Structure formats: C-alpha cells, structure tokens
Amino acid sequence: MTRYTSTDDVQEENLQREYMEKAAVYVSALKEELGRTPRGCVVTFGCQMNARDSEKLSGILIKIGYELTESEEEADLVLYNTCTVRDNANQRVYGRLGYLNSLKKKNPHMRILLCGCMMQEPAVIEKIRKSYRFVDLIFGTHNIFKFAQLLVTMYENQEMIVDIWQETDQIVEQLPVNRKYSYKSGINIMFGCNNFCSYCIVPYVRGRERSRDPKEILREIERLVEDGVVEIMLLGQNVNSYGKNLEHPITFAALLREVEKIEGLKRIRFMTSHPKDLSDELIEVMRDSKKICRHLHLPVQAGSDRILKAMNRRYTKEQYLALVEKIRTAIPDIAITTDIIVGFPGETLADVEETIDVVRKVQYDNAFTFIYSKRTGTPAAAMEEQVPEAVVREGFDKLLKVVQDTARERAALLQGKVMEALVEEVNEQDASLMTGRLSNNMLVHFPADVSMLGRLVRVSLDTCHGFYYTGHIVD
Ligand code: SAH
Ligand code: SF4
Ligand code: F3S
C-alpha cells in the first residue's frame, strides 16, 4: 500500500481546525456558566504511543479553551486513554470509572470520555453501554484525529456517543500537540503491527502496519528541534520493519541516518525493535552514530524454542543470542533491555529455565517481566493448557530474582565513570537534586537546579543504588 500525505489528510486537518473553532464556542459558554476556565484531565494508560496520542488530545483541549489539570476531582472533563495489552490495564479503567461516576454526581457539568486501545474491543463497548451509562463519549485508536469533531457532537447531544472505526489509512499529524516535556519528544514513525504474536492484542486494536513518509517525519523533527527539543524517540511497534510498505521503500537504518543529520538534535532513541527484523545495517548505523543512544530494547518474550514458536516470534533462542552477540561486539557499551512473558499456554518450569538462561547469557540491563494475560480473540487464548497460577508464580519469582541480580551487576559496572546525562526533572524526593538520564537509559540524581532542565551535562557516577546512581556534575 502506498502512503503519502495526501490532499485528503490536509483537507482533514483543515476540517478538524474548523471543528476546534466550533468546540471553542461551547467551551466558552461553559466558562461563562462556571465563572472560571473549564479544566480537562487526560489520563494515559499503556505505552509510549498512547502517551504521544495523549499529547495530541491535550493539545486540542487547550486549543479549544480548557486548562489542563492532573486531578480528576478538579476536572470538568476527564479523558481516559486506555490500554488493553494485559487484563490488569482494563481492570484499572473499570475501577476508576466507578469513582468518576461518584464525581460526576457532584459536578453536573462533568464529562467522561474514553478512547484508546481498549475501546477497539466490541466486548468492552458492550459492557460500558450496559454498566457505565454515565460515559459521554467513546472513540477508538483509528479516529483519534477526529477528536475536535467528536467533542462538538458530544456538546450537541445528551446521550452517550460511540464512534469506533475498524481501520483507517489516514495519517493526520498536523494538529495541535501539548508536549509533556519541552526538551524531549516522542514521534510516530509508523502505526499498527503485522506480526501477530499469538498472545498479543495490539495488531487487532491498532490495525495493520503503516509507515509515515520519511520527509514528513524529518520535517516534524526539525520543527521540534526549533522548538527546543534535544532528544527524540522514534515510535512504532516494530521500528525495524519501518518503510517496507512505502511507495519508495526505505529502511529504518536509512531513516536514522537522515535523522542524525538534523542540526541541533542531540539524542535519538527508538522503540520497539523486533529481533527478527533487526538488520546488520541498523547495527552499523548505531555503531557509527554520535546521536543514537547506547540503548536497545530487544524483547525476547521467552527462551524456550517450543514456546517461541507457539508465540509466533519467528526466531529461536540461538538466533536471538547470536544477534545479541553481534550487537555487543559492534557496540560494547550498549545497554540491552527486554520484555519477558511468563505463563504462556503450555509453558513449563523447564521452559522458564530456558528464559532464565537467556537472561544470564545476555546480562540485560533491565527487563520488564509480565505474567501472561489471556486476550480474547488472540490465537493463544484458544490454546489449551493454560498454566496453573501457582506454576506461573513460581517461574515468575525465580525469573525476577535473576533479572534483578543481573541488572544490579550491570549497573555496578559504571561505578566512578563520567557520563553524559540529559537533565530531565527535579528529583521527586529531594528538590535539591535533579534527575538525569544517561545515554544507556539509566537514571542519575545529582545536585543542580531547575535552570539546568533539558541540558546535557557530564556527571560523575559516584554511588550505585541498585538500578540508579547518585553523582555530581563535572565540568
Ligand atoms: N511491539 C512491542 C511490544 C508491545 S506490548 C514488541 O513487540 O516488542 C509490550 C509488551 O507487553 C510485550 O513485549 C510483551 O512482553 C507484553 N505483552 C503483550 N501481550 C501480552 C499478554 N497477552 N500477556 C502478557 N504480556 C503481554
Ligand atoms: Fe504485539 Fe508482537 Fe506486534 Fe509487538 S510485535 S505489538 S508483541 S504482535
Ligand atoms: Fe497498550 Fe495499546 Fe500500547 S494496547 S501497550 S496502549 S498499543
């Protein structure tokens, strides 16, 4: 399929701007009624892609006259941008919806909105229609760019509005964005996923893989840099297959080479890499780059070949280990992190031992470990042999211990080194400290003040506290 910024997309952008003006009229009437500026609260569940979507949704809320608040209690409009990758994400949304209802009873002006991946599941919509009738507006992942228009529809109607699309080929990216950080930003380079790992619901709720035109991506990054951004994170479910379906195909590595040339941009990150598509060209580009961070997130999911096959991951343990070896040889100082699932149907403790063996061999700098969650509609949900909870727990605890020990050992290796950190925020516990992020994604806390925000500084890593450091700026 060919994708370019078509006149359709531009027309759509203009249309949505008109709806923003219309929505602004409703918001200003509300302001009059309230005697103050209405407050909107956007709550994000899930991954970086959802976080980026929330920046767009908040951008539109501000544009039409809301001010943002982090407190649902204070808000006149609450929007939950949901995730459905594991069932606990869903349960959290249902739990909090009950609480929102109690707030709505106290504030008759309050509007409750839901969007994101969970809304792409018909069973969820059915449940909300039945048991959460106080929700005002529901939309999905494919029509998020229609937010302004959907808001107008909501203001003009009393009953619940539900608008879910099964797919879209539109890429509408030129609408207002409210960035959470002034100095760093995520940027979508592709949408959807074609991999259909057998446990995963993402391809069903995010649709087929679509890459953005490289020129559009570069232009967006240039604009971000002009606006003060020094670090960007290129986002996609599988960035290694970026560009394959464009009219003029281009590799992810080639895109990175172009991004590297952007003057003023200091750091480049990306998420996520599927091991099966990671090319030698990418390793070379990373090795030679001055800007690409020394961090690779390379989800392994499992170590047993039998389970990997059932997961439809399309690599073996040996292939994965060989890939890691190749990367480490080319880029010795790279940090490698991963995602692991325990309790996939049919997984035995012997299989988990294989996963643990991978963790020992790779020496991950960090690993996110998840208990398998059955997602209705995925092939794995229909597999027999769902693993008993006690067995899952035993394997999980054992794995977690090895993961933590390994990560601690890796972190300790940096003791005494001086490394570059991007100053990201005021330390949460101690306001005399700032928190910085190293190229390898590790955090370091050091005395500094808020004027250093967004600056790259050289920091001595003095004391290791397990997974992070405290240190001081050297100049
Ligand atoms: N596209 C990314 C992952 C997106 S989901 C990739 O392929 O790496 C993030 C992580 O959630 C996955 O890596 C996986 O470890 C986990 N995950 C996905 N589906 C899951 C499920 N059904 N149960 C438990 N964990 C799951
Ligand atoms: Fe899910 Fe696999 Fe796609 Fe990642 S690559 S989003 S785990 S289907
Ligand atoms: Fe969750 Fe959707 Fe991301 S299911 S992990 S928010 S793509």
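Presented here is a report on the structure given in the accompanying data block. As the structure is a prediction and not an experimental result, all values here were calculated from the model.

Moving on to the packing of helix 9 (residues 280–288) against helix 11 (residues 317–330). A pair of packed helices can be characterised by two numbers: the angle between their axes and the separation between those axes. The geometry of helix 9 relative to helix 11 is characterised by a closest axis approach of 10 Å and an angle of 25° between their N-to-C directions. When the axes of helix 9 and helix 11 are compared, the pair comes out roughly parallel. Every pair of crossing elements has a handedness; the one defined by helix 9 and helix 11 is right-handed. Together, D280, I283 and R287 of helix 9 and L323, K326, I327 and A330 of helix 11 make up the contact between the two elements. Of the residues in the contact of helix 9 with helix 11, the class split is four nonpolar, no polar and three charged.

Here we have six strands laid out as an open sheet, ordered 2-1-3-4-5-6, and parallel in their pairing. Both edges of this open sheet fall to strand 2 (67–68) and strand 6 (161–163), since each of them pairs with a single strand only. In the sheet, strand 1 (residues 39–44) pairs with strand 3 (residues 77–82) via five bridges, with the strands oriented parallel. The residue bridging T44 from the neighbouring strand is N81, located in strand 3.

So, about the packing of aromatic side chains. Scanning the model with the defined rule gives 12 aromatic pairs in all. Look at Y26 and Y155: their rings are 5.4 Å apart centre to centre, the planes differ by 20°, and that puts the pair in the stacked class. One end of the pair, Y26, is in helix 1 (residues 7–34); the other, Y155, is in helix 5 (residues 147–156), with 129 residues separating them in the sequence. Taking relative accessible area as the criterion, Y26 reaches 31% and is therefore assigned partly exposed. Between Y181 and Y183, the aromatic rings sit 5.8 Å apart at their centres with planes inclined by 55°, giving tilted as the arrangement. Cluster of aromatic residues (ring-pair linked, three or more members): Y94, Y132 and F134. Over the face of the ring belonging to Y94 we find K127, whose NZ or CZ atom lies 4.0 Å from the ring centre.

All right, on to the sheet that holds strand 14 (residues 366–371) then. Here we have three strands laid out as an open sheet, ordered 12-13-14, and parallel in their pairing. In this open sheet, the two strands that pair with only one neighbour each are strand 12 (295–297) and strand 14. If you compare each strand with its neighbour and ignore which way they point, the axes differ by 15° on average. Sheet topology places strand 13 (residues 335–342) next to strand 14; six bridges connect them, and they run parallel. When the bridges of strand 14 are listed, T338 appears paired with A367.

Right, let's get into the site of ligand 2. Around ligand 2, the neighbouring residues are C193, N195, F196, C197, Y199, C200, V202, P203, Q237, H274 and R313. Split by residue class, the shell around ligand 2 holds seven nonpolar, three polar and one charged.

A few words now on the environment of E354. Mapping E354 onto the fold places it in helix 12 (residues 349–362). Residue classification places E354 among the partly exposed positions, given a relative accessible area of 32%. Between the alpha carbons of E354 and D9 there is a distance of 48 Å; along the sequence they are 345 residues apart. Once you skip the residues sitting within four places of it in the chain, E354 turns out to touch G303, S304 and K317.

How each quantity is defined
- Residues numbered from 1 in each chain as written.
- Chains lettered and ligands numbered in written order.
- Predicted model: local features only at pLDDT ≥ 70, side-chain atom pairs only at ≥ 80, totals over all residues.
- Heavy atoms only, no water.
- Axes fitted to C-alpha atoms, helices over the stretch in contact; angles between N-to-C directions.
- Helix = DSSP H or I, 4+ residues; strand = E, 2+ residues; numbered from the N terminus.
- Parallel < 35°, antiparallel > 145°, perpendicular 65-115°, else oblique.
- Left-handed = near helix turned anticlockwise from the far one by under 90°.
- Contact = heavy atoms within 4.5 Å.
- Nonpolar A, V, L, I, M, F, W, Y, C, P; charged D, E, K, R; others polar.
- Pairing = 2+ DSSP bridges.
- Phe/Tyr/Trp six-rings, centres within 6.5 Å; stacked < 30°, edge-to-face > 60°.
- Buried < 20%, exposed > 50% of the residue type's maximum accessible area, 1.4 Å probe, protein only.
- Lys NZ or Arg CZ within 6 Å of the ring centre and 35° of its normal.
- Near = heavy atom within 4 Å.

These results come straight from atomic positions and should not be treated as a statement about function.
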